[in-house]
Every structure is written in C-alpha cells, then in structure tokens.
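Observations on chain architecture
The primary structure of each chain is shown beneath.
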Amino acid sequence: MNIDTKTYVVGLLESYQKRSKQIDLLHYELSHPARVSENEMIGALALAHSDGSGRPGGHASDKTLYIALNYQDRTEEANQIGADEVVEQLVELEREQERLNYYVSLLEGRQKKVIQMFYFEGKTPDEVAKTLQVTIRYAHFIKSKAINELVAMYEYVGALR
C-alpha cells in the first residue's frame, strides 16, 4: 500500500463535508450569479463631469463613447468568464465527490456504514460504535479496514492511467 495514496484517500474522506458545502455554494452562485449589468458598467464611467478644459459638464469625447460601447461587450465577457470559472471548479469538486461516493458504495456493509458515519455524517466514534453495537475499538478497526480497501481501489484505478 502506497502511503501517498493512503494520505490522499484519508484527506478526501476528511474533507468530504467541506467539499459538499463548497459544491452547494457553487450551485447557488451559478443559479444566482453576481452579474454587472451593461448600464452599471457604463454608469461607472465619468461621462458627466467637467475636465477643467472649459467644456461644459456632460460632454463626452468620442474616445469616452467608444470605451462605453466596448464596455457592453467587455461586461458580458467578464460575466461569462466568472461563470466558466465557477463551472470548472464545480465540475472538478463534483467529479471527486461522486468518485469517492461510488468507491464507498462498493465497500462491504459495515465498512460502508462506518465510513459514511465517521466522515460523511460527522458522527463521533462513540455514536458509530453504539449504532453498530460494537466497541469503539472495533469501530476504528472496521474504519481502518475500509480505508485500506478504498486505498486499494484508488491504487488499482491509478495504475490503469
């Protein structure tokens, strides 16, 4: 058993709840994007102030109008880039979470239950032991065997790549 793979698997298990929360947050951000409207972007330009040249306030140069019109396109591009970054991160997190969930589903019944309770549900060793009607020490033994099984799965698939 590769110690790096075991460290990786334990890290995945320990960060399961954090990753779930991040996935939920990213789903929210996709459905409620913080978008800058074209009007907000154009309004942010100082189109209506005097520049000290004697021209009246409200005068906009051709250059300023060009910039303002380009901001419409730039605003949409910026919003799309932001959404693309959220989607990219979301896909990566979901892929890892789904993979881990699937591998855990392949474990033997008690091993699966112990991993789910310890890592996915955040139960204490005492709660896990009581639920399974075993000693705390035996619950840890089952967890250790389950982690070793998961490491073997990750190593097997890793060798195929």
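Here is what the cut-offs are and how they apply
Residues numbered from 1 in each chain as written. Predicted model: local features only at pLDDT ≥ 70, side-chain atom pairs only at ≥ 80, totals over all residues. Heavy atoms only, no water. Helix = DSSP H or I, 4+ residues; strand = E, 2+ residues; numbered from the N terminus. Buried < 20%, exposed > 50% of the residue type's maximum accessible area, 1.4 Å probe, protein only. Contact = heavy atoms within 4.5 Å. Areas by Shrake-Rupley, 256 points an atom, 1.4 Å probe, with all protein chains shown as cover. Patch = residues over 30% accessible without salt bridge, like charges linked within 9 Å, V, L, I, M, F, W, Y side chains within 5 Å. Salt bridge = Lys/Arg side-chain N within 4 Å of Asp/Glu carboxyl O. Lys, Arg positive; Asp, Glu negative; His and termini not counted. Charge placed at Lys NZ, Arg CZ, Asp CG, Glu CD. Phe/Tyr/Trp six-rings, centres within 6.5 Å; stacked < 30°, edge-to-face > 60°. Axes fitted to C-alpha atoms, helices over the stretch in contact; angles between N-to-C directions. Parallel < 35°, antiparallel > 145°, perpendicular 65-115°, else oblique. Nonpolar A, V, L, I, M, F, W, Y, C, P; charged D, E, K, R; others polar. Core = buried A, V, L, I, M, F, W, Y, C linked by side-chain atoms within 4.5 Å.

A short note on the overall build of the chain
- The number of helices and strands found in the chain is seven helices and zero strands.
- Of the regular secondary structure in the chain, the N- to C-terminal order runs α-α-α-α-α-α-α.
- Relative to its 161 residues, the chain shows a buried fraction of 27%.
- Pairs at least 24 apart in sequence give 72% of the contacts found in the chain among residues at least 6 apart.
- Within the structure as shown, the chain displays about 10800 Å² of accessible surface, and the carbon and sulfur contribution to it stands at 53%.

Digging into a negative patch on the surface
- On the surface, Asp-84, Glu-85, Glu-88 and Glu-92 cluster together to form a negatively charged patch.
- Mapped onto the elements of the fold, Glu-92 is located in helix α4 (residues 62-105).
- The class for Glu-92 is exposed, based on a relative accessible area of 55%.

Notes on the packing of aromatic side chains
- A full pass over the atoms with the stated rule returns five aromatic pairs.
- Between the aromatic rings of Tyr-103 and Tyr-154, the centroid separation amounts to 4.7 Å while the plane-to-plane angle is 70°, which identifies the pairing as edge-to-face. One end of the pair, Tyr-103, is in helix α4; the other, Tyr-154, is in helix α7 (residues 136-160), and 51 residues separate them in sequence.
- Owing to a relative accessible area of 10%, Tyr-103 belongs among the buried residues under this scheme.

As for the environment of Asn-148
- Along the polypeptide, Asn-148 turns up in helix α7.
- Assessed through its relative accessible area of 27%, Asn-148 is described here as partly exposed.
- The sequence separation of Asn-148 and Met-1 amounts to 147 residues, and the corresponding C-alpha distance is 8.0 Å.
- Once you skip the residues sitting within four places of it in the chain, Asn-148 turns out to touch Met-1 and Lys-6.

Some words on the packing of helix α5 (residues 109-120) against α7
- At a minimum axis separation of 9 Å, α5 and α7 run at an interaxial angle of 100°. Between α5 and α7, the angle is such that the two are roughly perpendicular. Judged by residue contacts, Arg-110, Gln-111, Val-114, Ile-115, Phe-118 and Tyr-119 of α5 engage Tyr-138, Ala-139, His-140, Ile-142, Lys-143, Lys-145, Ala-146, Ile-147 and Glu-149 from α7.
- Grouping the constituent residues of the contact of α5 with α7 by class yields nine nonpolar, two polar and four charged.

A short note on the nonpolar core
- One finds Leu-13, Leu-100, Ile-115, Phe-120 and Leu-150 to be the most contacted residues of the largest nonpolar core, which totals 27 residues.
- Contributions of two or more residues to this core are made by α1 (3-14), α4, α5, α6 (125-132) and α7.
- Looking at which element gives the most residues to this core, the answer is α7, with nine residues.
- Residues in contact with Leu-13, not counting those within four places in the same chain, are Leu-100, Ile-115, Tyr-119, Phe-120, Ile-147 and Leu-150.
- Counting five residues, the second-largest nonpolar core is a separate cluster that includes Leu-26, Val-86, Leu-90 and Leu-93.

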